[in-house]
Amino acid sequence: MHSLATAAELGASHLVVHLGEVGERPLSQERELWRMFDAGEASSGQFAATREEAVSVRQVAADPYLAAAHKSLESLVAAASTHGIVIGLENRLSYHQIPLPDECIAK
């Protein structure tokens, strides 16, 4: 809420936020995927298997982190609306960071 207060004080109309991360930072599988990608191994069976493992590890761990992110975002949006500030979500590069594209869709 400190960022929101600062944005309001400065007369900002928008505030971009980062919603956090899921578990280990970064996922050990993600580090391996980047290593294999850089080595030209992105089409290998090992790359596919490591990617599937990363997806599984994140799915198993994600629920409490996503719930906390949603709760924080709801509070932030409600507070921001009283100041006429629009909240945006920061695009992220790492797989452990929130949100993934499918997590941006209201359910």
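All residue numbers refer to positions counted from 1 along the written sequence of the respective chain. Residue-level local features of this predicted model are given only where pLDDT is at least 70; pairs of side-chain atoms are given and counted only at 80 or more, and the full residue set underlies all totals for whole chains, interfaces and linings. Only hydrogens and water are set aside when side-chain values are computed; all heavy atoms of the structure are taken into account.

## Some thoughts on helix 2 (residues 28-38)
Under the convention used in this document: Accessibility here uses a 1.4 Å probe with only protein chains present; expressed as a share of the type maximum, an area under 20% marks a residue as buried, one over 50% as exposed, and anything in between as partly exposed. Numbering goes from the N terminus for both helices and strands, where a helix is a DSSP run of H or I of at least four residues and a strand is a run of E of at least two. Each direction from the helix axis to a C-beta atom contributes to the arc, which is the arc of those directions. Contact definition: two residues touch when any of their heavy atoms are within 4.5 Å.
Of all the residues in helix 2, the buried ones are Gln29, Glu30, Leu33 and Met36. Axial view of helix 2: buried residues confined to an arc of 125°, hence all on one face. Here the buried face of helix 2 lies against helix 3 (45-81). With its phi angle positive at about 75°, Gly40 sits one or two positions after the end of helix 2.

## A closer look at the pattern of salt bridges
Put simply, the rule reads: Salt bridges are defined as contacts in which a side-chain nitrogen from Lys or Arg sits within 4 Å of a carboxyl oxygen from Asp or Glu.
All told, the structure shown has 3 salt bridges when counted by the stated rule. Measuring nitrogen to oxygen at the nearest pair gives 2.7 Å for the salt bridge that ties Glu32 to Arg35. With a gap of 3 residues between them, Glu32 and Arg35 both fall in helix 2, about one helical turn apart. For Glu32, a relative accessible area of 29% puts it in the partly exposed group. By relative accessible area, Arg35 is classed as partly exposed at 42%. We note a salt bridge from Glu103 to Arg58, for which the minimum N-O separation is 2.5 Å. Of the two residues, Glu103 sits in the segment after strand 2 (86-89) while Arg58 sits in helix 3, which places them 45 residues apart along the sequence. Looking at Glu103, the relative accessible area reads 16%, which means it is buried.

## Topic: the environment of Met36
Topologically, Met36 is positioned in helix 2. Sequence-wise, Met36 and Thr50 are 14 residues apart; in three dimensions their C-alpha atoms are separated by 9.8 Å. Excluding its chain neighbours within four sequence positions, the residues that come into contact with Met36 are Glu41, Ala42, Ser44, Gln46, Phe47 and Thr50.

## Observations concerning the packing of aromatic side chains
Under the convention used in this document: Ring geometry is summarised as follows: Phe, Tyr and Trp rings, the Trp one being its six-membered ring, pair when their centres sit within 6.5 Å, and such pairs are stacked at plane angles under 30 degrees, edge-to-face over 60 and tilted between the two.
Under the defined criterion, the tally for this structure stands at 1 aromatic pair. With a centroid separation of 6.1 Å and an interplanar angle of 80°, the aromatic rings of Trp34 and Phe37 are classed as edge-to-face. Taken together, the residues span about one helical turn, with Trp34 and Phe37 both in helix 2 at a distance of 3 residues.

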